[in-house]
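So the chains spell out like this:
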Amino acid sequence: MSSETLTHPPSRRLYTPEERARRDATVWTTVQGVLAPLQFLAFLISVVLVARFMLSGSGYEAATISIVVKTGFLFVIMITGAIWEKVVFGQYLFAPAFFWEDVFSFAVIALHAAYVWALLAGLPHAEQMWIALAAYAAYVINAGQFLLKLRAARLEGDA
């Protein structure tokens, strides 16, 4: 065993050949591929509307609607993503290839759910928006995790 093997153990491929075939064959891959950019578009629109409210105090209703729409996309993409993981990896969540993305996704969901609770509980508008912004910061990190996995999958496919 070389010292390189000790310091850099071989990494598991993201997909086995069978998992890659299931990934490429399932409609859920397409669903995820459509929902992800739509969710990102909803996020971008919402960030602008929330920022407008936070800076000017106007546009609360538009910001609120945009956050609820973004939250809806998040829940739909999480449910369909769990189905995708079941089809590809044989389990609904926490497949080894996406374990940490799924863990962080739950933090993102918790923050979005906290926003919905704040909205329904009638917390002051600015507090609601701060919770939404925290949820959005977590979403950006989580989206980055998935983009890195997408890049890794492409590089693995090219190899």
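Our subject is the structure that appears above.
Residues numbered from 1 in each chain as written. Predicted model: local features only at pLDDT ≥ 70, side-chain atom pairs only at ≥ 80, totals over all residues. Heavy atoms only, no water.

It is not clear to me how the nonpolar core should be interpreted in this structure. Could you clarify?
Generally speaking, soluble globular proteins have nonpolar side chains that are buried together. Core analysis: the biggest nonpolar cluster contains 20 residues, and A63, I67 and M129 have the highest contact counts within it. Contributions of two or more residues to this core are made by α3 (27-56), α4 (60-89), α5 (99-121) and α6 (125-158). Every residue in contact with M129, bar those within four places of it in the chain, is listed here: V50, F53, M54, Y60, A63, T64 and I67. Counting residues in each nonpolar core, the second largest holds 9 residues, with L14, W84, V88 and A153 among its members. (Core = buried A, V, L, I, M, F, W, Y, C linked by side-chain atoms within 4.5 Å. Buried < 20%, exposed > 50% of the residue type's maximum accessible area, 1.4 Å probe, protein only. Helix = DSSP H or I, 4+ residues; strand = E, 2+ residues; numbered from the N terminus. Contact = heavy atoms within 4.5 Å.)

Quick question: what am I supposed to make of a nonpolar patch on the surface here?
Among the surface-exposed residues, F94, F99, W100, V103 and F106 lie close enough to one another that they form a single nonpolar patch of about 470 Å² accessible area. Position of F94 among the secondary structure elements: in the loop between α4 and α5. (Patch = residues over 30% accessible without salt bridge, like charges linked within 9 Å, V, L, I, M, F, W, Y side chains within 5 Å. Areas by Shrake-Rupley, 256 points an atom, 1.4 Å probe, with all protein chains shown as cover. Salt bridge = Lys/Arg side-chain N within 4 Å of Asp/Glu carboxyl O.)

Please explain the packing of aromatic side chains as it appears in this structure.
Any two aromatic rings considered together are summarised by their centre-to-centre distance and by the angle between their planes. On inspection of all chains with the given rule, the structure shows 12 aromatic pairs. Aromatic side chains F94 and F106 sit 5.7 Å apart centroid to centroid with 20° between the ring planes, which places their arrangement in the stacked category. In this pair, F94 sits in the loop between α4 and α5 while F106 sits in helix α5, placing the two residues 12 residues apart along the sequence. On the basis of an interplanar angle of 20° and a centroid distance of 6.1 Å, the ring pair of F98 and F146 is categorised as stacked. Here F146 lies in helix α6 and F98 lies in the loop between α4 and α5, a separation of 48 residues in the sequence. Through pairs of rings, three or more aromatic residues link up here, namely Y15, W84, F89, F98 and F146. Stacked on the ring of F98, the Lys or Arg K149 has its end atom at 5.2 Å from the ring centre. (Phe/Tyr/Trp six-rings, centres within 6.5 Å; stacked < 30°, edge-to-face > 60°. Lys NZ or Arg CZ within 6 Å of the ring centre and 35° of its normal.)

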